[in-house]
Amino acid sequence: MPGRDDDPERLYTVTRGRSRPPEHAFDLVTLIVAEREPEPGMQSEHARILQMCAEPTAVVEIAAGLALPVSVVKILLGDLLEAGRITARHPRFAPTKARLPDLDMLKQVLHGLEQL
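For the structure given in this document, a descriptive report is provided here. Numbering of residues starts from 1 in each chain and follows the order in which that chain's sequence is written. Two thresholds apply to this predicted model, a pLDDT of at least 70 for residue-level local features and 80 or more for giving and counting side-chain atom pairs, whereas whole-chain, interface and lining totals are computed over all residues. Only hydrogens and water are removed before side-chain values are computed, so all heavy atoms of the structure are retained for them.

On to the pattern of salt bridges, then. We define a salt bridge as a side-chain nitrogen of Lys or Arg found within 4 Å of a carboxyl oxygen belonging to Asp or Glu. Evaluated as defined, the whole model comprises one salt bridge. Its salt-bridge partner being Arg-85, residue Glu-39 comes within 3.3 Å of it at the nearest N-O pair. Of this pair, Glu-39 sits in the loop between strand 1 (31-34) and helix 2 (44-52) while Arg-85 sits in the loop between helix 4 (70-82) and strand 3 (86-89), placing them 46 residues apart in sequence. Overall, Glu-39 belongs to the partly exposed group, its relative accessible area being 42%. Given a relative accessible area of 14%, Arg-85 falls into the buried group. Going along the chain from the N terminus, every DSSP run of H or I of four or more residues is numbered as a helix, and every run of E of two or more is numbered as a strand. Three labels apply to residues, based on accessible area from a 1.4 Å probe with only protein chains included: buried if under 20% of the type maximum, exposed if over 50%, partly exposed otherwise in between.

Now the structure itself:
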């Protein structure tokens, strides 16, 4: 992909030699939200992520915006999460069973509407 910064030496530098994301690896659809503003002297990729994530942003969007492989972005996100600079929300953490109204209550409402 033209313009993509995937030089192995550059990626090694960006991740500080790490090749695996943290245990709490992010999925492509995990939404990232910045909890703090970038600070002077911060690694430029970290600062850009915080800027991009003022609103919830998916991991895959961050990778595209930075023109970096998703695996590298996951490592960077792990740094930010550990530092408390971002929060991560994944759809799989949403309640598996939506809270539905009580069936008896719905029957009572229906009966009341029928009486009108």
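There's plenty left to go through after this.
Glancing now at the packing of helix 3 (residues 59-66) against helix 4. The description of two helices packed together rests on the angle between their axes and the distance between the axes. Interaxial distance between helix 3 and helix 4 falls to 9 Å at its minimum, and their mutual angle equals 110 degrees. Taken as axis vectors, helix 3 and helix 4 run roughly perpendicular relative to one another. Residues Val-59, Ile-62, Ala-63 and Leu-66 of helix 3 pack against Val-70, Val-73, Lys-74 and Leu-77 of helix 4. Gly is placed with the polar residues, together with every amino acid not listed as nonpolar (Ala, Val, Leu, Ile, Met, Phe, Trp, Tyr, Cys and Pro) or charged (Asp, Glu, Lys and Arg). Partitioned by chemical class, the residues of the contact of helix 3 with helix 4 number seven nonpolar, no polar and one charged. Axes here mean lines fitted to C-alpha atoms, for a helix over just the part in contact, with angles spanning 0 to 180 degrees between N-to-C directions. Oblique is the label for every angle not falling under 35 degrees (roughly parallel), over 145 degrees (roughly antiparallel), or within 65 to 115 degrees (roughly perpendicular). Throughout, a contact is declared for two residues whenever any of their heavy atoms are within 4.5 Å.

Right, let's talk about a nonpolar patch on the surface for a bit. A cluster of nonpolar side chains, Met-105, Val-109, Leu-113 and Leu-116, forms an exposed patch at the surface whose accessible area comes to about 450 Å². Within the secondary structure, Val-109 sits in helix 5 (residues 103-115). Given the relative accessible area of 42%, Val-109 is considered partly exposed. Nonpolar side chains (Val, Leu, Ile, Met, Phe, Trp, Tyr) are joined into patches within 5 Å and like charges within 9 Å, using only residues with over 30% relative accessible area and no salt bridge. Here the open area of atoms and residues is found with the Shrake-Rupley method and a 1.4 Å probe, where only the protein chains shown may cover a residue.

Keep in mind that these numbers describe shape and distance, not what the molecule does.
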